[in-house]
Amino acid sequence: MSLRAPLLAALFPLACVLPGTAEAQDIPDKSLTMVVGFAPGGGADTAARLIARKLSANLGRTVVVENKAGAGGNIAHDLVARAEPDGATILLGSVGPLSIAPHLMKLPYDPVKDLAPITMGVNFPNVLVVPANLGVKSLQEYIDLARKQPGRVTYASTGAGSASHLAGELLNQRAKLNVVHVPYKGGAPAMVDLLAGRVSSYYSTPSSAQPHIESGKLVALATTGLKRPDFMPGVPTIAESGIPDFNATNWYAFVAPAKVPAAILDRWNEEIVKVLNDAEIKAQLIKHGLTPEPTSREELARFIANESDTWGRIIKERNITVQ
């Protein structure tokens with residue numbers, strides 16, 4: 001880890017985490033909102049609804065999932081950064097807006113200064129899928145097709161600066177391809193266009209892709225992590241398919257407006273971690289290809305800082321830009 005990662009971790013609004021500084025406060029006794037930066041039906045939405053349902057039962061009050069799709073999740077992150085810091089609104093944030101987008105574009109919010117970490121939610125690789133009628137069965141065949149038809153093969157993502165966008169850009173850079181990026185407002189609309197043949201490929205969340213892989217409509221070419229996930233043991237990784245050390249995993253983490261009092265952030269951490277450790281919820285998340293990874297607030301701050309450092313370095317080295 002470079003010096004920048006611990007520096008970013010230090011800058012995160014964690015002064016409120018220190019013991020003895022929090023006053024006796026609790027999550028507001030009213031309807032609560034969990035904002036998601038993508039359209040209904042994708043991996044983030046799936047995780048949010050499973051977790052929100054259990055939170056509602058445990059807290060004895062409604063936790064409403066509110067989808068605010070657009071700009072790769074940045075709209076939702078900006079919305080929550082500006083929300084009333086009373087603890088009634090939290091965000092299931094994602095790798096793109098928290099660790100990637102700041103290196104690609106000017107944002108209306110600062111993920112370090114304007115958002116406070118609560119806990120990691122889930123972590124998982126994406127899976128590169130193509131329509132069955134594209135006629136390719138492996139990553140190498142996909143690469144061969146892209147080289148034969150430069151600029152004509154396309155890939156969908158959940159928005160500029162998202163993990164799925166960077167996965168495609170990394171493959172373009174590493175394999176010297178010109179696969180055209182097509183951003184969407186979330187996983188669900190991207191999947192609709194993939195199934196309709198309006199895009200050639202998509203770095204999908206496992207939960208969105210699995211039913212269509214099982215039905216034979218889509219072919220899974222490779223996953224984007226360093227090792228094969230347990231839920232897709234028969235699908236090779238991009239790394240083992242000829243692109244060594246390729247790693248572009250996805251994750252969703254819970255954050256809140258930076259000025260939410262420490263005691264309320266701690267309570268949210270306690271309640272969400274309890275849900276993530278619940279046997280039934282864990283089983284349901286894993287069934288959807290989402291691995292629950294509860295953390296402390298400090299651990300999440302360090303993780304986000306390290307991811308930001310890693311992606312910032314890769315973006316600079318690969319000269320990746322957003323048009």
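Above: the structure in question.
Quantities reported herein were computed from a predicted structural model and do not represent experimental measurements.

Conventions we followed
Residues numbered from 1 in each chain as written. Predicted model: local features only at pLDDT ≥ 70, side-chain atom pairs only at ≥ 80, totals over all residues. Heavy atoms only, no water. 1 Å grid on protein atoms, 1.4 Å probe; cavity = no way out; pocket = protein on both sides within 12 Å on 5 of 7 lines; lining within 4 Å. Points joined across faces, edges and corners; volume = space filled by probe spheres on them. Helix = DSSP H or I, 4+ residues; strand = E, 2+ residues; numbered from the N terminus. Nonpolar A, V, L, I, M, F, W, Y, C, P; charged D, E, K, R; others polar. Pairing = 2+ DSSP bridges. Buried < 20%, exposed > 50% of the residue type's maximum accessible area, 1.4 Å probe, protein only. Salt bridge = Lys/Arg side-chain N within 4 Å of Asp/Glu carboxyl O. Axes fitted to C-alpha atoms, helices over the stretch in contact; angles between N-to-C directions. Parallel < 35°, antiparallel > 145°, perpendicular 65-115°, else oblique. Contact = heavy atoms within 4.5 Å. Core = buried A, V, L, I, M, F, W, Y, C linked by side-chain atoms within 4.5 Å. Expected span 1.5 Å × (residues − 1). Right-handed = clockwise from strand over helix to strand, strands pointing away.

A. Local environment of empty space enclosed by the protein. Here the structure, examined in full by the defined rule, presents 1 cavity of 30 Å³ or more. Size it by volume and the largest cavity reaches roughly 110 Å³. Every element with two or more residues in the lining of the largest cavity is listed here: α2 (43–59), α4 (95–100), α6 (163–175), β8 (201–204) and β10 (249–257). Ranked by the residues each element gives to the lining of the largest cavity, the list is headed by β8, at 3 residues. For the lining of the largest cavity, the residue count by class is 7 nonpolar, 13 polar and no charged.

B. Broad picture of the sheet that holds strand β3 (residues 89–94). The strand order across the open sheet formed by 6 strands is β2-β1-β3-β10-β4-β11, and the pairing between neighbours is mixed. At either margin of the open sheet sits one strand with a lone partner, and together these are β2 (63–67) and β11 (291–292).

C. Layout of the pairing of β10. In terms of residue burial, β10 counts as a mostly covered element, since 8 of its 9 residues are buried. Where β3 and β10 come together, 4 bridges link them in antiparallel fashion. Bridge pairing in β10 links G93 to A253. As paired elements, strand β4 (residues 115–125) and β10 share 9 bridges and run antiparallel to each other. Its bridge partner lying in β10, V122 is registered against Y252.

D. Structural view of the pattern of salt bridges. Using the criterion set out here, one finds 13 salt bridges in the structure. The shortest N-O distance in the salt bridge between D78 and R82 comes to 2.7 Å. In this structure D78 comes out as buried when scored by relative accessible area, which is 16%. For R82, a relative accessible area of 58% translates into the label exposed.

E. Just the packing of α2 against helix α10 (residues 279–287), in detail. At a minimum axis distance of 10 Å, the contact between α2 and α10 shows a crossing angle of 170°. Compared by their axis directions, α2 and α10 come out roughly antiparallel. When α2 is examined against α10, the residues A47, L50 and K54 are found in contact with a partner set consisting of I281, Q284 and L285. Residue composition of the contact of α2 with α10, by class: 4 nonpolar, 1 polar and 1 charged.

F. Representation of the layout of surface pockets. In this model, the largest pocket occupies a volume close to 570 Å³. Lining the largest pocket are 24 residues, with N123, F124, P125, T249 and E293 positioned closest to its centre. Those elements giving two or more residues to the lining of the largest pocket turn out to be β4, β10 and α11 (297–318). At 6 residues, the largest contribution of residues to the lining of the largest pocket is made by α11. Among the residues forming the lining of the largest pocket, the class breakdown is 12 nonpolar, 7 polar and 5 charged.

G. Seen up close, unusual backbone geometry. Non-glycine residue A71 carries a positive phi angle of around 55°. Positive phi, normally seen in glycine, also occurs at D245, with a value near 65°. Secondary-structure assignment places D245 in the loop between β9 (218–223) and β10.

H. Seen up close, the nonpolar core. Core analysis: the biggest nonpolar cluster contains 50 residues, and L139, Y142, L171, I238, I243, F246 and W311 have the highest contact counts within it. If you tally residues by element for this core, the top one is α6, at 6 residues. In contact with I243, other than residues within four places in its own chain, are L139, I143, L171, R174, A175 and I238. L32, A52, V260 and L290 belong to the second-largest nonpolar core, a separate cluster that totals 35 residues.

I. Geometry of the sheet that holds β9. Read from one edge of the open sheet, 5 strands run β7-β6-β8-β5-β9, paired in mixed fashion. The sheet is open, and its two borders are formed by β7 (180–183) and β9, each paired with just one other strand. On average, adjacent strands in this sheet sit at an angle of 30° to one another, irrespective of strand direction. For strand β5 (residues 127–131) and β8, the ladder comprises 3 bridges, and the chain directions are antiparallel. Counted as the bridge partner of L128 is Y203 from β8. Here α6 sits on the sheet in contact with β5, β6 (154–157), β7 and β8, set at roughly 150° to β6.

J. Local environment of α11. Taking 1.5 Å as the rise per residue, α11 with 22 residues should run 32 Å; its terminal C-alpha atoms sit 31 Å apart, in good agreement. All buried positions along α11 are accounted for by R297, L300, A301, I304, A305, E307, S308, D309, W311, G312, I314 and I315.

K. Spotlight on the pairing of strand β1 (residues 32–36). Counting buried residues along β1, 5 of its 5 residues qualify, which places the element largely inside the surrounding structure. Neither face of β1 is left uncovered, since the one carrying L32, M34 and V36 and the one carrying T33 and V35 both have all their residues buried. In the classification by handedness, the crossover that spans β1, the intervening α2 and the parallel β2 is right-handed. Here β1 pairs with β3 via 4 bridges, running parallel. Within β3, the position partnered with V35 by the bridge is L91.

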